[in-house]
Structure formats: structure tokens, C-alpha cells
Amino acid sequence: MSADEKALVFLSIGSNIDRQRNIQSVLDQLAGHFGELVISSVYESEAVGFEGDPFYNLVVGIHTDLSVGALFESLRDLEYSHGRCRSGAKFSSRTLDVDILTYDQQVGDIDGVALPRAEILYNAFVLQPLAEIAPELSHPVEKKTYQQLWNEYDKNKQKLWPVDFEWCGELISRCLG
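Attention in this report is confined to the structure presented alongside it. In this text, all values refer to a predicted model and were calculated from it rather than measured experimentally.

So, unusual backbone geometry
Residue Leu 115 is joined to Pro 116 through a cis peptide bond whose omega torsion reads -10°. For Pro 116, the position within the fold is in the loop between β7 (113–115) and α3 (124–133). Even without glycine at this site, Asp 104 takes up a positive phi of about 50°. Owing to a relative accessible area of 35%, Asp 104 belongs among the partly exposed residues under this scheme.

Here you go:
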């Protein structure tokens, strides 16, 4: 099955516990399972909704023939294999958080997953990296490109900054400072 026949999915990835290792590991596993990845810069941001260590966040594009439900389960397995515990508070430190942002242009509750994910519109650590790797693609509900949405976003609401980040021996993200 070619990439053209598979769904284009964007995933949000975050970690604030052993974040370098966990992000590198999940990228390895995603590449092993889905093949070529489209990877944004890695951004550091303050914890949102709780006091905690800063997060590393990025957005990754994949192509898959998995259903939304099967992909969701696969991503939960990835989180658990990285020590993710879901018994704590909703807003808390985590080894790994992987969320489906979009699945093609599907809208609604599909296999128990709300699409597109609401946080695209209100978290800079999701919208900025998504606009970086898919600037001309349109949000399936808002009908604006991700670049337009990022241009309209209140940049004072949440602070984030790109960091140097290596994966597979290559610098995939660079600090601008």
C-alpha cells in the first residue's frame, strides 16, 4: 500500500521526564512501525496546568493504514512501554504523551477519539510545530491553514522555544538563540 492510499495523521508528542531519551525512543519506534516521519522542530515549553519541569514537544506526521481506534491503541501501548502512568492527575509530569491531532480530514468522535484534537487551537506547543510541518494544510473544522491559525494565535499566551535535538545522528531541531 502506498503513502497515497494511507491516511495522513499528525501526532503530538510531549515529555518532561527523561525527555531526551523518551522522545528519541518514540521516534525510533514510530519510524520502525510507520516508516518515513515528517518531524517538526522540538520545542521546550513550561508545564501547562500544573507546576512541573519543562516539556519537550513536537509534532510528527505519519502515513498509516491503521484505523483510528487501532492507531489509538498502538499509541497507548507506546506510552505504557515508556513508563506512562494514567492513574495520576490529568495535568501532571509524564514520561511520554502521544496524541492523535488529525487523521486525514476526519471530524467527529471516531472510535472514541475526538477529531481533530481541540488543543490544536489553544496550545502553542501543538499549533506552532504543526504549522511548521504542514503550513498549507487546513484545519478540518476551522477551514484555515495551520499557518493562518498560528499567525492569528496570541503568542503571549504560552511561551515556547526551539531546542537543539539530535535523532539518528542528525540535528533535527536547532535552538535559534
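A closer look at α3
Counting along an α-helix, one turn takes 3.6 residues, and residues three or four places apart therefore face a common direction. Counting buried residues along α3, eight of its 10 residues qualify, which places the element largely inside the surrounding structure. Among the residues of α3, Ala 124, Phe 125, Val 126, Leu 127, Pro 129, Leu 130, Ala 131 and Ile 133 are the ones counted as buried.

Overview of the environment of Gln 20
Note on placement: Gln 20 falls in helix α1 (residues 19–34). The spacing of Gln 20 and Tyr 56 is 36 residues in sequence and 7.9 Å in space, taken between C-alpha atoms. Setting aside residues up to four positions removed in sequence, Gln 20 forms contacts with Tyr 56, Phe 165 and Glu 166.

Let's talk about the environment of Gly 61
Tracing the backbone through its elements, the reader meets Gly 61 in strand β4 (residues 55–64). When its relative accessible area of 2% is taken as the criterion, Gly 61 is described as buried. Each C-alpha atom of the pair Gly 61 and Ile 39 lies 6.5 Å from the other, and the pair is 22 residues apart in sequence. Those residues in contact with Gly 61 that lie beyond four places of it in its chain are Val 9, Phe 10, Glu 36, Leu 37, Val 38 and Ile 133.

Considering the packing of aromatic side chains
For the structure shown, the criterion picks out two aromatic pairs. A ring pair is formed by Tyr 56 and Phe 165, whose centres lie 6.0 Å apart and whose planes are at 80°; its orientation type is edge-to-face. Here Phe 165 lies in strand β9 (residues 165–167) and Tyr 56 lies in strand β4, a separation of 109 residues in the sequence. This pair shows no difference in class: Tyr 56 is buried, exactly as Phe 165 is. Consider the rings of Trp 150 and Tyr 153, whose centres lie 5.3 Å apart with planes at 20°: the pair is stacked. Neither residue differs from the other here; Trp 150 and Tyr 153 are each classed as buried. Seen from the ring of Tyr 56, Arg 19 lies directly overhead, with NZ or CZ sitting 3.9 Å from the centre. Over the ring of Trp 150 we find Lys 155, and its NZ or CZ is 4.5 Å from the ring centre.

Rules of the game
- Position numbers for residues count from 1 along each chain, tracking the sequence in the order it is written.
- Residue-level local features of this predicted model are given only where pLDDT is at least 70; pairs of side-chain atoms are given and counted only at 80 or more, and the full residue set underlies all totals for whole chains, interfaces and linings.
- Excluded from the side-chain calculations are hydrogens and water; all other atoms, namely the structure's heavy atoms, are used.
- Only DSSP runs of H or I covering at least 4 residues are called helices, and only runs of E covering at least 2 are called strands; the numbering of each starts at the N terminus.
- Categorising residues by exposure relies on relative accessible area from a 1.4 Å probe, with only protein chains included: less than 20% of the type maximum marks a residue as buried, more than 50% marks it as exposed, and the intermediate range marks it as partly exposed.
- Contacts are assigned to residue pairs that have any heavy atoms within 4.5 Å of one another.
- Side-chain rings of Phe, Tyr and Trp, where Trp is taken by its six-membered ring, are said to pair if the distance between their centres is within 6.5 Å; with planes under 30 degrees apart they count as stacked, over 60 as edge-to-face, and otherwise as tilted.
- We count a charge as sitting over a ring when the NZ of a lysine or the CZ of an arginine lies within 6 Å of the ring centre and within 35 degrees of the ring normal.

By themselves these figures say nothing about function.
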